[in-house]
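Coordinate inspection notes
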Amino acid sequence: MKRSSFFVQVALVLLACACGDGGDVGGEGGRGGQTSGGPSTSEGPSSSATGAGEGPSSSATGAGGGPSSSATGAGGGLGPHVPEPSTPTRGGTMTFTNIGAPGWWPRRIDREPGDPACDYKDGDDTWGGHCCMTEHHTTSDRLAPFDEEMTLIMKAIRVKQLAVYQPGGDPAAWQMVSSWDERRGVGSNLLVTEGQNTSADFTGDLTKKDCVTYFMQDRPFPCGDGEDYFCPDDPGIMHLGWAGSKLVVFLASMTFDDADVEKCDGGGQGHPGPWVAFVASELIRDGGRKWNGLCNCYSKTGTVGDGCGEINVFEVVMDNNEYSNREFMSTGVRSYQEGHVGGSVCGAGSDRDAFAEDVEVVDACAQKAYEKGPVIEAGGRSDGCPTWRRPSGDRYFMILLDESRRAIQVAVIHPERIPSAAAEMLPDLPGRLSRASIDAMVSMRLPE
């Protein structure tokens, strides 16, 4: 996929070397690029309603016609999955603290040219249509803006299980609210959108084409009166994301042959870089699914991603430049609070084999493995320049956003070395997790 040349320039400024604090460089995370759908027309704004819950599970058989799991999914849990064998690793975490602050981002709304509500921008969008944007302010300091609805994005990865947990009516527990398992092949309160196709059915294999795939709840996002929230004519992404505290965990593999990845339109060799992102749902409702660069909430300054919020949870940077290396992954947080937090990369000079086989998380600047999971404080210090070795074989990947702790916890866990802090969740993926288990996972510092 095309990259924004602007962000390449920004990366050149931010990166002092091919290995280190990359300012979250990478292809899919930039503000430019192409969307598969082109411009959309406005149908009026939507409300700021949020929600979570348990959609009905399906009795469909799993991938390949096999029997469905005995677990029902969502509130009933998923049950353990048998992973493909691989060399056990010690696991890794990156912990982002002090997340959330009062502030604002530019919100696209549907008003006529000249309307005084267009106080941030009254001009054109990427495709020449009208763009009206207003300053949207929040007073929250609990994860803001990541307390807003968020949508999961994936590319070039094979998923085997996926679950989303959120706090329920019982303050002592979090409930599984959305789920999918390849043994069933059908999501529970989970819809998957690729191009113009949206369905609860999903094969799990995103390694054949470089299409960007969106994951949302199956509940529709209700549109309002056409003035306070832009609502594109794009049914595939008009579904609720997940607001407030949330935990996303999935069993997946990034091991595949790059040459087998085609372009999304089938027109030759595709971009084989795995990418998992968790972004403001508002950002993909900009009329171009995030790539409407002239009219979205990504940035309020037109430079870094200091807007409504995007987390490049796991990104393998493969841009054919000195900052790229298919054997490492980057994790970075972007929002109005600090612009970029984290986002270090390992460039062409880094060697995967320079580290022990059981290593997941490494310091790109010091070129050494961490003995304890690094901590990155928004507005404060960072434990070096943390990056990941690209996993070989199945892993549990996790991102946990906790309002009460004002923290984002990102983890990679080998199925054969599950830490005690995650034992209530893995490998069973039950329908309910105790608050004590959530606290334990926020406090993990892998390797231990």
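Given the structure is predicted, the values throughout are model-derived calculations rather than measurements.

With that settled, consider the side chain of Asp286. Among the secondary structure elements, Asp286 is positioned in the loop between helix H2 (281-284) and strand E14 (310-315). Salt bridges are absent for the buried Asp286, whose nearest opposite-charge side chain, Arg108, sits at 6.2 Å. Among the polar contacts made by the side chain of Asp286, one reaches the main-chain amide nitrogen of Gly288 at a distance of 2.6 Å. Residues within four places of Asp286 in sequence aside, it is in contact with Arg108, Phe230, Trp291, Asn292, Cys295 and Asn296.

A word on the packing of aromatic side chains. One pass over the structure, following the stated rule, counts 10 aromatic pairs. Relative to Tyr229, the ring of Phe221 lies with its centre 5.4 Å away and its plane at 50 degrees, an arrangement referred to as tilted. Residues Phe221 and Tyr229 agree in their burial class; the two are buried. Following the ring pairs from residue to residue traces out a cluster consisting of Phe250, Phe314, Trp388 and Phe397.

Note on terminology: disulfide describes a covalent bond linking the sulfur atoms of two cysteines. Enumeration according to the criterion identifies 6 disulfides in this entry. Paired through a disulfide, Cys297 and Cys308 show a sulfur-sulfur distance of 2.0 Å. Across the S-S bond of Cys297 and Cys308 the torsion is about 60 degrees, and the bridge reads as right-handed. Taken together, the residues Cys297 in the loop between H2 and E14 and Cys308 in the loop between H2 and E14 connect sequence positions 11 residues apart. The pair Cys297 / Cys308 is uniform in exposure class, with both members buried. Taking only the cysteines that form disulfides and numbering them from first to last, the protein chain has the pattern 1-3, 2-8, 4-7, 5-6, 9-10, 11-12.

For strand E15 (residues 328-335), the buried fraction is high: 8 of the 8 residues fall into the buried class. Here E15 shows no split at all, with Phe328, Ser330, Gly332 and Arg334 on one side and Met329, Thr331, Val333 and Ser335 on the other all buried. Here E14 runs beside E15; their pairing, made up of 4 bridges, is antiparallel. Paired with Ile311 across the bridge in E15 is Val333.

Moving on to unusual backbone geometry. Looking along the chain, the bond that leaves Leu426 and enters Pro427 is cis, with omega of 0 degrees. Relative to the helices and strands, Pro427 is located in the loop between strand E23 (407-413) and strand E24 (432-434). A cis amide bond links Leu446 to the next residue, Pro447, at an omega of 0 degrees. Locating Pro447 in the fold gives a position in the segment after helix H3 (435-442). Phi angles above zero are rare outside glycine, and Asn98 is one such case at about 60 degrees. With respect to the helices, strands and loops of the structure, Asn98 is situated in the loop between strand E2 (92-97) and strand E3 (103-109). In this model, Ala156 sits at a positive phi of 55 degrees, which is unusual for a non-glycine residue. Inspection of the secondary structure puts Ala156 in the loop between strand E6 (150-155) and strand E7 (158-167). For Ala156, a relative accessible area of 0% corresponds to the buried category.

How each quantity is defined
Residues numbered from 1 in each chain as written. Predicted model: local features only at pLDDT ≥ 70, side-chain atom pairs only at ≥ 80, totals over all residues. Heavy atoms only, no water. Helix = DSSP H or I, 4+ residues; strand = E, 2+ residues; numbered from the N terminus. Buried < 20%, exposed > 50% of the residue type's maximum accessible area, 1.4 Å probe, protein only. Lys, Arg positive; Asp, Glu negative; His and termini not counted. Salt bridge = Lys/Arg side-chain N within 4 Å of Asp/Glu carboxyl O. Polar contact = N/O pair within 3.5 Å; in protein donor to acceptor, adjacent residues only side chain to side chain. Contact = heavy atoms within 4.5 Å. Phe/Tyr/Trp six-rings, centres within 6.5 Å; stacked < 30°, edge-to-face > 60°. Disulfide = S-S within 2.5 Å. Pairing = 2+ DSSP bridges.

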